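So the chains spell out like this:
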Amino acid sequence: MTISHRRDRLRRRLRSAELDALLVTDLVNVRYLSGFTGSNAALLIRADDEVPVLATDGRYVTQAAAQAPDAELVIERACGPQLAAKAAASGVRRLGFESHVLTVDGFAQLQKAAGDLDFVRAAGTVEALREVKDAGEIALLRLACEAADAALADLVAAGGLRPGRTEKEVARELESRMLDHGADGPSFETIVAAGANSAIPHHRPTEAVLAAGDFVKIDFGALVAGYHSDMTRTFVLAPIAQWQRDVYDLVATAQRAGREALAAGVVLRDVDGASRQVIADAGFAENFGHGLGHGVGLQIHEAPGISASSAGTLLAGSAVTVEPGVYFPGRGGVRIEDTLVVGGEEAPTPELLTRFPKELAIL
């Protein structure tokens, strides 16, 4: 699917909502609908016009022309107000706007620029389109996951997870190895959590030293052409205790149940429940305090969210994570996470993108 096809899908939504146009001010959504990656931009998509209008400032004239050659270009630092005024002048009467990202002051500026235009909240309109990935997006997600897989494999093979190293040293090496395998950078700040720190779901690496008998939890991802991968693996530095084997086996069983529940049309909270029930049945419901997963794509966290409170169903083509965890404060914890693409009618089995082994590894 090309970017122009994405805009066609959006126009159909605009017509269904009886909107004359949509003013896109979220930079991720601008990129999704135009290809432009600058730091200041807005995009106007009319329901009845195939030519989008891209506004940016003078720093990006050449870049905008190269990345969004099919768009009408407007050079103006105040991108949103300029496009709102242009919409009003061109006959737009009902203009959707991204109310979930616009500030109160920003909205006042739009109103001032556009006069009597009827502004209509259109929160999440583009995000709903982004939830289903096209073939090009899935190809980039595969590359991002492959870079992360290869980096972790290299780290382990080189003995990078061993007693005496610090969490920060491991994180830096892993991020460097992702660059070596074609990543543009990390998807997010790499989590390396050793020993008792592994019980902290989003621990930030410190100078804490890896020690024999530690769980080492690593949550990381690679960024490739704007698309993010996300994976968590938990290792044990020998010797291993029986309680560590038990909790690892429990999380692995729960993670497998979550993966197997992924299918188009399944209620999101039921996917969460498939993993959560395994952990609850073992008596550790209180030790799993976060949602099961989330969408991933141009952002590391995007629709759909998969939790006990999620509304809606899984859609074919969604890229999501499955990441249950069990954590014992002051002692240690395990999380296992994969990124997968939900299958459709022709191939209902989810595609596993993160392929680094999940069997318990004692290093």
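All values derive from a computational prediction rather than experimental measurement.

**Digging into the overall build of the chain**
Across its full length, the chain carries 10 helices and 19 strands. In terms of C-alpha radius of gyration, the chain reaches 23 Å, essentially the compact-globule figure of 21 Å for 363 residues. Dimensions along the principal axes, computed over C-alpha positions, put the chain at roughly 70 × 40 × 40 Å. Put simply, the chain has 363 residues, and 52% of those count as buried. In the chain, 65% of the contacts between residues at least 6 apart in sequence involve partners at least 24 apart. Taking the 36 positively charged and 48 negatively charged side chains of the chain as two groups, their mean positions are separated by 2 Å.

**Describing the nonpolar core**
L10, L14, L22, V24, L33, L43 and L54 are the most contacted members of the largest nonpolar core, which totals 34 residues. For this core, the secondary structure elements donating two or more residues are α1 (3–16), β1 (21–24), α2 (27–34), β2 (41–46), α6 (125–130) and α7 (135–157). Sort the elements by how many residues they give to this core and α2 lands first, with four residues. Split by domain, the residues of this core number at least three in each of domain 1 (3–130) and domain 2 (132–352). The residues touching V24, leaving out its near neighbours within four places in the chain, are N29, V30, L33, A42, L43, E98 and V126. Listed in part, the 24 residues of the second largest apolar core include V247, A261, L262 and I279.

**Quick word on the UniProt feature "domain: Peptidase M24" (unreviewed entry) in the chain**
The sites that UniProt annotates as "domain: Peptidase M24" (unreviewed entry) are residues 140–342. Taken end to end, residues 140–342 is 33% helix and 23% strand, and its first and last C-alpha atoms sit 16 Å apart.

**Some words on the domain arrangement of the chain**
The assigned domain composition of the chain is domain 1 (3–130) and domain 2 (132–352). Residue-level contacts link eight residues of domain 1 with 10 residues of domain 2. Summed over both sides, the interface between domain 1 and domain 2 buries roughly 750 Å², with carbon and sulfur atoms accounting for 39% of that surface. The largest per-residue losses of area from domain 1 upon contact with domain 2 belong to R6, R31 and R130, which jointly make up 60% of the total buried on that side. Counting the contacts that link domain 1 with domain 2 gives two salt bridges. On the surface where domain 1 and domain 2 come into contact, there are seven residue pairs in polar contact (both at pLDDT 80 or more).

**Structural notes on the sheet that holds strand β11 (residues 227–228)**
One open sheet accounts for three strands, arranged β7-β10-β11; its pairing is antiparallel. Each having just a single partner strand, β7 (185–186) and β11 make up the two edges of the open sheet. The pairing of β7 with strand β10 (residues 222–224) spans two bridges and is classified as antiparallel. Directly across from G185, in β10, lies its bridge partner L223.

**Section: the environment of G159**
Assignment of secondary structure puts G159 in the loop between α7 and α8 (167–180). Distance in space between the C-alpha atoms of G159 and R31 is 40 Å, their sequence separation being 128 residues.

**Section: the pattern of salt bridges**
Counted by the stated rule, this structure contains 20 salt bridges. Close ionic contact of D57 with R59 constitutes a salt bridge, the shortest N to O distance being 2.8 Å. Relative accessible area serves as the criterion here: at 3%, D57 is assigned to the buried category. Close ionic contact of D118 with R94 constitutes a salt bridge, the shortest N to O distance being 3.4 Å. Here the residue D118 occupies a position in strand β6 (residues 118–121), and R94 occupies one in strand β5 (residues 94–97), the gap between them amounting to 24 residues.

**Here we look at the pairing of β1**
Side chains A21 and L23 project from β1 onto one buried face, and the interleaved L22 and V24 project onto a second face that is buried too. In terms of strand pairing, β1 meets β2 through four bridges, oriented antiparallel. Residue pairing across strands places L22 opposite I45, the latter belonging to β2.

**Quick word on the packing of helix α9 (residues 242–261) against helix α10 (residues 268–281)**
As a packed pair, α9 and α10 sit with axes 8 Å apart at the nearest point and diverge in direction by 160°. In terms of orientation, α9 and α10 fall into the roughly antiparallel class. For α9 against α10, the interelement crossing comes out right-handed. From α9, L250, T253, A254, Q255, A257, G258 and A261 reach across to α10, where they touch V271, A274, S275, V278 and I279. Among the residues making up the contact of α9 with α10, the classes are represented as eight nonpolar, four polar and no charged.

**As for α9**
Its 20 residues place the ends of α9 29 Å apart at the C-alpha level, agreeing with the 28 Å of an ideal helix rising 1.5 Å per residue. Among the residues of α9, those classed as buried are Q244, V247, Y248, L250, V251, A254, Q255, A257, G258 and A261.

**A short note on the side chain of T166**
Relative to the helices and strands, T166 is located in the loop between α7 and α8. Ignoring any residue separated from it by four or fewer positions in sequence, one finds T166 in contact with T206, E207, A208, V209 and L210.

**What to know about the sheet that holds β6**
Read from one edge to the other, the open sheet built from six strands follows the order β4-β3-β2-β1-β5-β6, with strand pairing classed as mixed. At either margin of the open sheet sits one strand with a lone partner, and together these are β4 (72–75) and β6. Direction aside, neighbouring strands of the sheet carry axes that sit 25° apart on average. As paired elements, β1 and β5 share three bridges and run parallel to each other. Across the sheet, the residue bridging to A21 is L95, located in β5. Running over the sheet, α1 touches β1 and β2 and is turned about 65° from β2. Packing of α2 onto the sheet brings it into contact with β1, β2 and β3 (53–56), and relative to β2 it is tilted by some 55°.

Rules used throughout
Residues numbered from 1 in each chain as written. Predicted model: local features only at pLDDT ≥ 70, side-chain atom pairs only at ≥ 80, totals over all residues. Heavy atoms only, no water. Helix = DSSP H or I, 4+ residues; strand = E, 2+ residues; numbered from the N terminus. Rg over C-alpha atoms; globule rule 2.2 N^0.38 Å. Buried < 20%, exposed > 50% of the residue type's maximum accessible area, 1.4 Å probe, protein only. Contact = heavy atoms within 4.5 Å. Lys, Arg positive; Asp, Glu negative; His and termini not counted. Charge placed at Lys NZ, Arg CZ, Asp CG, Glu CD. Core = buried A, V, L, I, M, F, W, Y, C linked by side-chain atoms within 4.5 Å. Domains from an automatic or database assignment. UniProt positions renumbered as here; feature names shortened; annotations may be inferred. Buried area = accessible area lost by both parts, 1.4 Å probe. Salt bridge = Lys/Arg side-chain N within 4 Å of Asp/Glu carboxyl O. Polar contact = N/O pair within 3.5 Å; in protein donor to acceptor, adjacent residues only side chain to side chain. Pairing = 2+ DSSP bridges. Axes fitted to C-alpha atoms, helices over the stretch in contact; angles between N-to-C directions. Parallel < 35°, antiparallel > 145°, perpendicular 65-115°, else oblique. Left-handed = near helix turned anticlockwise from the far one by under 90°. Nonpolar A, V, L, I, M, F, W, Y, C, P; charged D, E, K, R; others polar. Expected span 1.5 Å × (residues − 1).

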